[in-house]
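# Fold and contact review
Next come the chains, spelled out residue by residue.
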Amino acid sequence: MRPPRLLRLAIATLGLCLALPATVGAAAWTVAEGSAIRFEAYQQGAPVQGAFPRFTADILFDPDDLAGSRIAVEIDTTSVTTGHKDRDAVVRSPNLLDVERWPSARFASARIEKVGDDAYEAHGELTLRAVAKEVVLPFTLHMADDPRDLSLRRAEARGELTISRLDFGVGQGEWASTATVGDKVVIAIEITATARR
């Protein structure tokens with residue numbers, strides 16, 4: 001005896017659902033032009049601004065699925081610039097970033113937490129000069145439909161963290177002293193990214 005038509009339809013629907021791949025909550029985001037990773041250090045008490053123009057980011061993010069979200073950023077340290085040719089050469093030298101030996105730095109999140117309205121913290125590991133340290137990157141995030149393409153969502157993230165350069169070995173020889181260059185360095189992110197809805 002054949003099962004009733006409604007039951008056959010339900011069985012077929014269930015089979016189709018089981019055959020479909022599971023959807024991933026966190027969407028993949030593409031970093032847009034104009035995004036930046038900057039830093040600020042102090043030389044003889046005066047602020048010195050710099051940036052890393054070249055970097056890549058692997059971002060999976062959904063505010064409703066933070067457990068499935070992750071952030072991984074690879075920074076090309078050879079691209080460092082402070083707007084001064086001689087100073088850039090010193091920053092790239094073996095006594096500071098030593099970009100020939102370690103041409104990249106990396107941040108990888110272990111977990112992301114919401115701490116307020118549009119406010120988050122990315123807990124993870126920063127690796128610089130082959131030294132890995134646990135850090136927390138607080139950031140604000142604003143998401144909206146992209147007015148130029150309604151099939152996209154647009155996100156703007158801003159955040160900063162302060163690190164000790166000496167903790168990462170950025171300061172060998174005469175640069176191990178903080179008399180000229182301070183130990184604290186503020187790293188700031190300004191990321192704009194898009195994802196398919």
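Note that the structure is a prediction, hence the values are computed from the model and not measured.

## A word on the side chain of Thr 77
Summarising the element assignment, Thr 77 is placed in the loop between strand 5 (70-76) and helix 2 (85-92). Taking the relative accessible area as the measure of exposure, Thr 77 reaches 2% and is therefore buried. There is a polar contact of 3.0 Å between the side chain of Thr 77 and the backbone oxygen of Trp 102. In contact with Thr 77, other than residues within four places in its own chain, are Phe 52, Leu 97, Val 99, Trp 102, Pro 103, Ser 104 and Ala 105.

## Observations concerning the layout of surface pockets
Of the voids in this model, the largest pocket is the one considered here, and its volume is about 920 Å³. Lining the largest pocket are 45 residues; nearest its centre among them are Ile 37, Phe 39, Phe 52, Ile 75 and Ile 187. For the lining of the largest pocket, the element with the most residues is strand 10 (residues 184-196), which contributes six residues. Residues belonging to the lining of the largest pocket are distributed by class as follows: 39 nonpolar, three polar and three charged.

## Section: the environment of Gln 172
You can see Gln 172 is positioned in the loop between strand 9 (149-164) and strand 10. In the structure, Gln 172 is positioned 75 residues away from Leu 97 in sequence and 9.6 Å away in space, judged by C-alpha atoms.

## Digging into the pairing of strand 3 (residues 46-51)
The pairing of strand 2 (residues 36-43) with strand 3 spans six bridges and is antiparallel. Looking at strand 3, one finds that Arg 38 is bridged to Ala 51.

## Topic: the environment of Val 73
Mapped onto the secondary structure, Val 73 falls in strand 5. Judged by relative accessible area, which is 13%, Val 73 ranks as buried. Sequence spacing of Val 73 and Arg 106 is 33 residues, and the spatial spacing of their C-alpha atoms is 5.6 Å. Leave out the neighbours within four places in its chain, and Val 73 touches Ile 37, Phe 55, Thr 56, Ala 57, Ala 105, Arg 106 and Phe 107.

## Some remarks on the pattern of salt bridges
Enumeration over the complete set of coordinates arrives at ten salt bridges. Between Arg 154 and Asp 146 there is a salt bridge, and its shortest N-O distance comes to 3.6 Å. Under the relative-accessibility criterion, Asp 146 is labelled buried at 4%. Several salt bridges share partner residues, and in doing so they unite Asp 145, Arg 153 and Arg 197 into one network.

What counts and what doesn't
- Residues numbered from 1 in each chain as written.
- Predicted model: local features only at pLDDT ≥ 70, side-chain atom pairs only at ≥ 80, totals over all residues.
- Heavy atoms only, no water.
- Helix = DSSP H or I, 4+ residues; strand = E, 2+ residues; numbered from the N terminus.
- Buried < 20%, exposed > 50% of the residue type's maximum accessible area, 1.4 Å probe, protein only.
- Polar contact = N/O pair within 3.5 Å; in protein donor to acceptor, adjacent residues only side chain to side chain.
- Contact = heavy atoms within 4.5 Å.
- 1 Å grid on protein atoms, 1.4 Å probe; cavity = no way out; pocket = protein on both sides within 12 Å on 5 of 7 lines; lining within 4 Å.
- Points joined across faces, edges and corners; volume = space filled by probe spheres on them.
- Nonpolar A, V, L, I, M, F, W, Y, C, P; charged D, E, K, R; others polar.
- Pairing = 2+ DSSP bridges.
- Salt bridge = Lys/Arg side-chain N within 4 Å of Asp/Glu carboxyl O.

That is the geometry; function is a separate question.
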